[in-house]
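Residue-level structural notes
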Amino acid sequence: MKKQSRWKNVWNVCHLSLLAFTTTFVLTSKVFANEAPPAVLTNNTDSFAKINAVSELAEIQPTDWAFQSLKLLIDRYSLLAGYSDSTFNGNRAMTRYEFAAILATTINRIDKLKSAETANGISQEDLEDLKRLKAEFGKELEVIQGRLDNLENRIESTIQPFSITTKLKGEVLFAVSGVSSGEKVDGSGDSTDSNLTLSSRARLTFDTSFTGKDNLRIRLQASNLPRIDDATGTDMARLAFQSNSNNEFELSVLEYRLPIGEQATVYFEAEGGDLDDFVDPLNPFLSSSSRGAISRFAQRNPIYRQGGGAGVGLVYDFSDSISLSLGYLADDVNDPEVGFGEAEYGAIAQLTLEPSDSFKVGLSYIHSYNSLNTGTGSSRANDPFDDESDAIVAHSFGLQSAIALNNNLNVSGWVGFTRATAMDLPNNPTANIFNWAVTLALIDLGRENSIGGIAIGQPPKVINNDLEVANQEYEDQDTSLHLEAFYRFQVDDNITITPGLVMITNPEHDGNNSTSYIGTIRTTFRF
């Protein structure tokens, strides 16, 4: 028994010794773990960095000085820099990062107040408290700012840059036209070409934007529309849409426009530019050749036609109600024998005023060289020096206005005056040319988007002239009146049918000529 007892005691001692050794080893390992070799610390830096310190996880209590200071700033300056409901939940604890997010918003808003007129209302004591809060939560503020920067970078990376886009617009026009029978008014003694005709015009317009704000326009056009002026012997009978390329497509417009800042737009015209590209002719319902008036004269003040081709323009909006338009266009500048030095040109300046949404007025000045022929008036008005001058300088003045009397009635009108001088003839003779018109648009007449139009006016007329031909002043003796009526019927969103009639009394401002009548039915397809 004693021997058995002795072995039992030995076993107990060994058991206790092993337990003590194991405990000592574990405790020693934990102590040495805090003094890991540099290599171990270096390899695990990223892992340890992801573990928040205990101080970072600690909550900010409503009784803490930081909490009280921030709440005081928010209440004092009405910042409401709390949660989505614009309230500051001042009765519960929050984490340091939650607190720092509200602090960051508060700092931004106080900075804005400091830069505004209310900067003097922020006390130095409050600024010191804000400085202390920044120091206390500097690390958290830095982390939040970093996350915001990363979020902005991610958003910017997902935003696709503007891609170059091109839009195609198509328009096809068919016209059945005819003129009254009788004698041509050009003095030839020939009869008018009064046979009924069917003709067409097709346009393909490509609009391309490179930035989303600019526009490059390329237009191709093919047509075989008749020269009504040849059929009647006067430009007063010209239609708004007539042209003839024997149905072969040609480049009719090449234009690029881009904004400069918020108020200016620059125009570059390489082909087919018109002065009215730079200005508002203030005849909104009759100016279109495919949807407006059927005659060339009733589209706009003829002085706008004293210039065309290639050039540059600028439109500057001083405000929503005042704009200034400038432009210069010259013809055949691509010809080395002509160039800019010998080219026919027109330069325009127009001040457009819009005192109200229902009233606009435009004051125009045009300086032109050998561009007097507008294709709308008498032969004398188109060339007041009987084809003897090759250097005609003209100064033209225009007054245009448009008044919307109500949603269904618009009245427009203009007067135009031109003083032309033959610079290469003896004594530099001058001629004065005058025109006027009033137009009426009945909007939504009978059907939505349908329009009834009426135009009354005097085509360009030479009212006096220093040049004498056969011992008589080379001026128009009588007065023609242009009377026009049309109705644009809107079949659907893409098709319109426009019957119209033009009557010209005393054609060529000559009382010896019989009244001319021109009728047409214009059908337009747009897609």
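Let me sum up the structure you'll find in this document. A quick note: this is a predicted structure, and the numbers were derived from the prediction, not measured. (Residues numbered from 1 in each chain as written. Predicted model: local features only at pLDDT ≥ 70, side-chain atom pairs only at ≥ 80, totals over all residues. Heavy atoms only, no water.)

**A closer look at a nonpolar patch on the surface**
Note the cut-off: Patch rule: a residue counts if its relative accessible area is over 30% and it has no salt bridge; like charges are joined within 9 Å, and nonpolar side chains (Val, Leu, Ile, Met, Phe, Trp, Tyr) within 5 Å. Each accessible area is a Shrake-Rupley estimate made with a 1.4 Å probe; only the visible protein chains count as cover when residues are assessed. In what follows, salt bridge is the name for a side-chain nitrogen of Lys or Arg lying within 4 Å of a carboxyl oxygen of Asp or Glu. Numbering of helices and strands runs from the N terminus, with a helix taken as a DSSP run of H or I at least four residues long and a strand as a DSSP run of E at least two residues long. Relative accessibility under 20% of the residue-type maximum defines a buried residue, over 50% an exposed one, and the middle range a partly exposed one, all with a 1.4 Å probe and only protein chains included.
A grouping of Phe174, Val176, Leu196, Leu198, Phe489, Ile497, Ile521 and Phe525 is seen on the molecular surface, where their side chains present a nonpolar patch of about 710 Å² in accessible area. Mapped by element, the contributors of at least two residues to the nonpolar patch are strand S3 (165-179) and strand S20 (516-526). Note on Leu198: relative accessible area 64%, which makes it exposed.

**Considering the layout of surface pockets**
Our working definition: Cavities and pockets are found on a 1 Å grid laid over the protein atoms alone: a cavity is a set of points where a 1.4 Å probe fits but cannot escape, a pocket is an open set with protein on both sides within 12 Å along at least five of seven lines, and a lining residue has an atom within 4 Å of such a point. Grid points are joined across faces, edges and corners, and a volume is the space filled by probe spheres set on the points. Only Asp, Glu, Lys and Arg are considered charged, only Ala, Val, Leu, Ile, Met, Phe, Trp, Tyr, Cys and Pro nonpolar, and every remaining residue, Gly among them, polar.
Its boundaries defined by the atoms lining it, the second largest pocket holds a volume of some 310 Å³. Lining the second largest pocket are 21 residues, with Val185, Asp186, Ser379, Arg380 and Glu508 positioned closest to its centre. Class assignment of the residues belonging to the lining of the second largest pocket gives a composition of one nonpolar, eleven polar and nine charged.

**Re the pattern of salt bridges**
Applying the stated rule across the entire model yields twelve salt bridges. For the salt bridge of Arg96 with Glu140, the shortest nitrogen-to-oxygen distance reads 2.7 Å. Here Arg96, found in helix H6 (residues 96-115), pairs with Glu140, found in helix H8 (residues 138-158); they are 44 residues apart in sequence, far enough to count as distant. Each of the two residues, Arg96 as well as Glu140, counts as buried. We note a salt bridge from Asp229 to Arg227, for which the minimum N-O separation is 2.5 Å. Under the relative-accessibility criterion, Asp229 is labelled buried at 4%. The class of Arg227 is partly exposed, set by a relative accessible area of 42%. Several salt bridges share partner residues, and in doing so they unite Arg96, Glu136 and Glu140 into one network.

**Examining the packing of helix H5 (residues 65-76) against H6**
Note the cut-off: Note on definitions: angles span 0 to 180 degrees between N-to-C directions of axes, and those axes are lines fitted to C-alpha atoms, for helices only across the stretch in contact. Note: crossing handedness is left-handed where the near helix turns anticlockwise from the far helix by less than a right angle, and right-handed where it turns clockwise. In this description, contact between two residues means that some pair of their heavy atoms is separated by no more than 4.5 Å.
Contact geometry for H5 and H6: axes closest at 11 Å, N-to-C directions at 35°. Every pair of crossing elements has a handedness; the one defined by H5 and H6 is left-handed. Residues Ala66, Phe67, Leu70 and Ile74 of H5 pack against Phe99, Ile102, Leu103 and Thr106 of H6. Split by residue class, the contact of H5 with H6 holds seven nonpolar, one polar and no charged.

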